[in-house]
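# Notes for the structure review
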Amino acid sequence: MVDAAVVELADRIRALLGGAGEIEERAMFGSRAFLSDGHILVGARKGGALLVRVGAERAAMLLTERGVTRAVMGARTMSENWLDVSPDAIADDAALMHWIDVAREDAGAA
(Lines give C-alpha, C1' and ligand atoms only; values in the text may rest on other atoms or scores of the structure.)
Protein backbone atom coordinates (compact mmCIF):
# COMPACT_ATOMS: atom_id res chain seq x y z
CA MET A 1 0.00 0.00 0.00
CA VAL A 2 1.38 3.41 -1.01
CA ASP A 3 1.68 5.94 1.74
CA ALA A 4 -0.61 9.00 1.54
CA ALA A 5 2.37 11.37 1.47
CA VAL A 6 3.62 9.64 -1.71
CA VAL A 7 0.25 10.12 -3.37
CA GLU A 8 0.05 13.79 -2.32
CA LEU A 9 3.57 14.58 -3.53
CA ALA A 10 3.05 12.70 -6.81
CA ASP A 11 -0.12 14.74 -7.39
CA ARG A 12 1.84 17.96 -6.82
CA ILE A 13 4.64 16.88 -9.17
CA ARG A 14 2.13 15.86 -11.84
CA ALA A 15 0.33 19.22 -11.56
CA LEU A 16 3.59 21.18 -11.84
CA LEU A 17 4.74 19.17 -14.84
CA GLY A 18 1.41 19.97 -16.47
CA GLY A 19 1.21 16.73 -18.43
CA ALA A 20 4.60 17.27 -20.07
CA GLY A 21 4.60 14.69 -22.85
CA GLU A 22 8.23 13.68 -22.41
CA ILE A 23 7.68 12.63 -18.78
CA GLU A 24 6.61 9.08 -17.95
CA GLU A 25 5.27 8.13 -14.53
CA ARG A 26 5.82 4.68 -12.97
CA ALA A 27 5.27 2.97 -9.65
CA MET A 28 8.67 1.87 -8.32
CA PHE A 29 9.70 0.48 -4.94
CA GLY A 30 6.62 1.82 -3.12
CA SER A 31 7.05 5.27 -4.63
CA ARG A 32 6.12 7.15 -7.79
CA ALA A 33 8.93 7.89 -10.21
CA PHE A 34 8.82 10.49 -12.96
CA LEU A 35 11.12 9.57 -15.85
CA SER A 36 12.58 11.51 -18.74
CA ASP A 37 14.02 9.48 -21.63
CA GLY A 38 13.71 6.34 -19.52
CA HIS A 39 15.74 7.72 -16.59
CA ILE A 40 14.36 8.76 -13.20
CA LEU A 41 14.20 12.53 -12.93
CA VAL A 42 12.41 12.82 -9.57
CA GLY A 43 10.39 10.54 -7.36
CA ALA A 44 7.80 10.83 -4.61
CA ARG A 45 9.07 8.72 -1.71
CA LYS A 46 7.69 7.41 1.56
CA GLY A 47 6.91 10.17 4.00
CA GLY A 48 6.73 12.76 1.22
CA ALA A 49 10.45 13.05 0.53
CA LEU A 50 11.47 13.98 -3.01
CA LEU A 51 14.09 11.82 -4.72
CA VAL A 52 16.17 13.93 -7.11
CA ARG A 53 18.71 12.71 -9.66
CA VAL A 54 21.58 15.18 -10.19
CA GLY A 55 25.03 15.29 -11.74
CA ALA A 56 27.73 14.00 -9.38
CA GLU A 57 29.77 17.20 -9.62
CA ARG A 58 26.81 19.30 -8.46
CA ALA A 59 25.68 16.99 -5.67
CA ALA A 60 28.22 18.18 -3.08
CA MET A 61 27.00 21.76 -3.41
CA LEU A 62 23.34 20.73 -3.25
CA LEU A 63 23.96 18.70 -0.08
CA THR A 64 24.61 21.98 1.75
CA GLU A 65 21.02 23.11 1.17
CA ARG A 66 18.43 22.80 3.93
CA GLY A 67 16.70 19.42 4.07
CA VAL A 68 18.93 17.66 1.51
CA THR A 69 20.66 14.34 2.19
CA ARG A 70 22.13 11.49 0.14
CA ALA A 71 19.34 9.10 -0.75
CA VAL A 72 19.14 5.81 1.11
CA MET A 73 17.19 2.83 -0.20
CA GLY A 74 16.82 0.09 2.36
CA ALA A 75 20.24 -0.41 3.93
CA ARG A 76 22.08 1.03 0.92
CA THR A 77 23.23 4.62 0.59
CA MET A 78 22.80 5.55 -3.05
CA SER A 79 25.53 7.14 -5.18
CA GLU A 80 26.14 10.88 -5.03
CA ASN A 81 23.76 11.30 -8.00
CA TRP A 82 20.75 10.62 -5.79
CA LEU A 83 19.46 13.08 -3.21
CA ASP A 84 16.47 13.10 -0.89
CA VAL A 85 14.81 16.44 -0.24
CA SER A 86 12.76 16.58 2.95
CA PRO A 87 9.05 17.42 2.87
CA ASP A 88 9.76 20.65 4.79
CA ALA A 89 12.15 21.82 2.06
CA ILE A 90 9.48 21.36 -0.63
CA ALA A 91 6.49 22.58 1.38
CA ASP A 92 5.38 25.05 -1.29
CA ASP A 93 5.10 24.60 -5.03
CA ALA A 94 7.87 27.11 -5.81
CA ALA A 95 10.35 25.07 -3.76
CA LEU A 96 9.18 21.80 -5.34
CA MET A 97 9.48 23.30 -8.83
CA HIS A 98 13.01 24.45 -7.99
CA TRP A 99 14.04 20.83 -7.34
CA ILE A 100 12.26 19.55 -10.44
CA ASP A 101 14.17 22.17 -12.44
CA VAL A 102 17.46 21.12 -10.80
CA ALA A 103 16.80 17.53 -11.88
CA ARG A 104 15.91 18.62 -15.42
CA GLU A 105 19.08 20.74 -15.70
CA ASP A 106 21.23 17.81 -14.62
CA ALA A 107 19.32 15.10 -16.52
CA GLY A 108 22.00 14.73 -19.17
CA ALA A 109 24.88 14.86 -16.70
CA ALA A 110 23.70 12.30 -14.16
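Provided above is the structure to which this section pertains.
Let me begin by describing the structure that accompanies this report. From a predicted model like this one, the values you see are computed outputs, not experimental measurements. (Residues numbered from 1 in each chain as written. Predicted model: local features only at pLDDT ≥ 70, side-chain atom pairs only at ≥ 80, totals over all residues. Heavy atoms only, no water.)

## Some details on the pattern of salt bridges
To keep things clear, this is the line we draw: Any Lys or Arg side-chain nitrogen located within 4 Å of an Asp or Glu carboxyl oxygen qualifies as a salt bridge. Secondary structure counts use DSSP, requiring at least four H or I residues in a row for a helix and at least two E residues in a row for a strand, with both numbered from the N terminus.
For the structure on display, the rule yields seven salt bridges. One salt bridge in this structure joins Asp93 and Arg12, with 3.1 Å as the shortest N-O distance. One end of the pair, Asp93, is in helix α3 (residues 93-106); the other, Arg12, is in helix α1 (residues 4-17), and 81 residues separate them in sequence. Here Arg45 ties to Asp84 by a salt bridge, and the two come within 2.9 Å at their closest N and O atoms. Here Arg45 is found in the loop between β3 (39-44) and β4 (50-53), whereas its partner Asp84 is found in strand β8 (residues 82-85), with 39 residues between them in sequence. In this structure, a network of salt bridges that share partners links the residues Asp11, Arg14, Glu25 and Arg32.

## Quick look at the environment of Ser79
Condition: Partly exposed residues are those whose accessible area sits between 20% and 50% of the maximum for their type, while under 20% is buried and over 50% is exposed, using a 1.4 Å probe and protein chains only.
In this fold, Ser79 is placed in the loop between β7 (76-77) and β8. For Ser79, a relative accessible area of 30% puts it in the partly exposed group. Spatially, the C-alpha atoms of Ser79 and Ala59 are 9.9 Å apart, while their sequence positions differ by 20 residues.

## Remarks on unusual backbone geometry
Located in the positive-phi region is Asp37, a residue other than glycine, with phi close to 55 degrees. Its place among the elements puts Asp37 in the loop between β2 (31-36) and β3.

## Some remarks on the packing of α1 against α3
How we decide: Axes here mean lines fitted to C-alpha atoms, for a helix over just the part in contact, with angles spanning 0 to 180 degrees between N-to-C directions. Every angle not falling under 35 degrees, over 145, or within 65 to 115 is termed oblique; those three ranges are roughly parallel, roughly antiparallel and roughly perpendicular. In what follows, a contact means two residues having at least one pair of non-hydrogen atoms within 4.5 Å. Each residue gets one label: Ala, Val, Leu, Ile, Met, Phe, Trp, Tyr, Cys and Pro are nonpolar, Asp, Glu, Lys and Arg are charged, and the others, such as Gly, are polar.
At their nearest, the axes of α1 and α3 sit 10 Å apart, and the two run at 70 degrees to each other. The orientation of α1 relative to α3 falls into the category roughly perpendicular. Contact residues: α1 offers Leu9, Arg12, Ile13, Leu16 and Leu17, while α3 offers Asp93, Leu96, Met97, Ile100 and Arg104. Of the residues contributing to the contact of α1 with α3, the split by class is seven nonpolar, no polar and three charged.

## As for the environment of Met28
Note on placement: Met28 falls in strand β1 (residues 23-28). Overall, Met28 belongs to the partly exposed group, its relative accessible area being 21%. It is 24 Å that separates the C-alpha atoms of Met28 and Ala95, two residues lying 67 residues apart in sequence. Those residues in contact with Met28 that lie beyond four places of it in its chain are Ala33 and Ile40.

## Considerations on the sheet that holds β2
Where we set the bar: A pair of strands is treated as paired once DSSP finds two or more bridges between them.
Taken in spatial order, the six strands make up an open sheet running β1-β2-β3-β4-β8-β5, and their pairing is antiparallel. Each of the sheet's edge strands pairs with one partner strand only, and the pair in question is β1 and β5 (68-70). If you compare each strand with its neighbour and ignore which way they point, the axes differ by 30 degrees on average. Note that β1 and β2 share six bridges and pair antiparallel. Following the sheet pairing, Arg26 is matched in β2 by Ala33. The strands touched by α1 within the sheet are β1, β2, β3 and β4, with β2 carrying the most contacts at an inclination of about 25 degrees.

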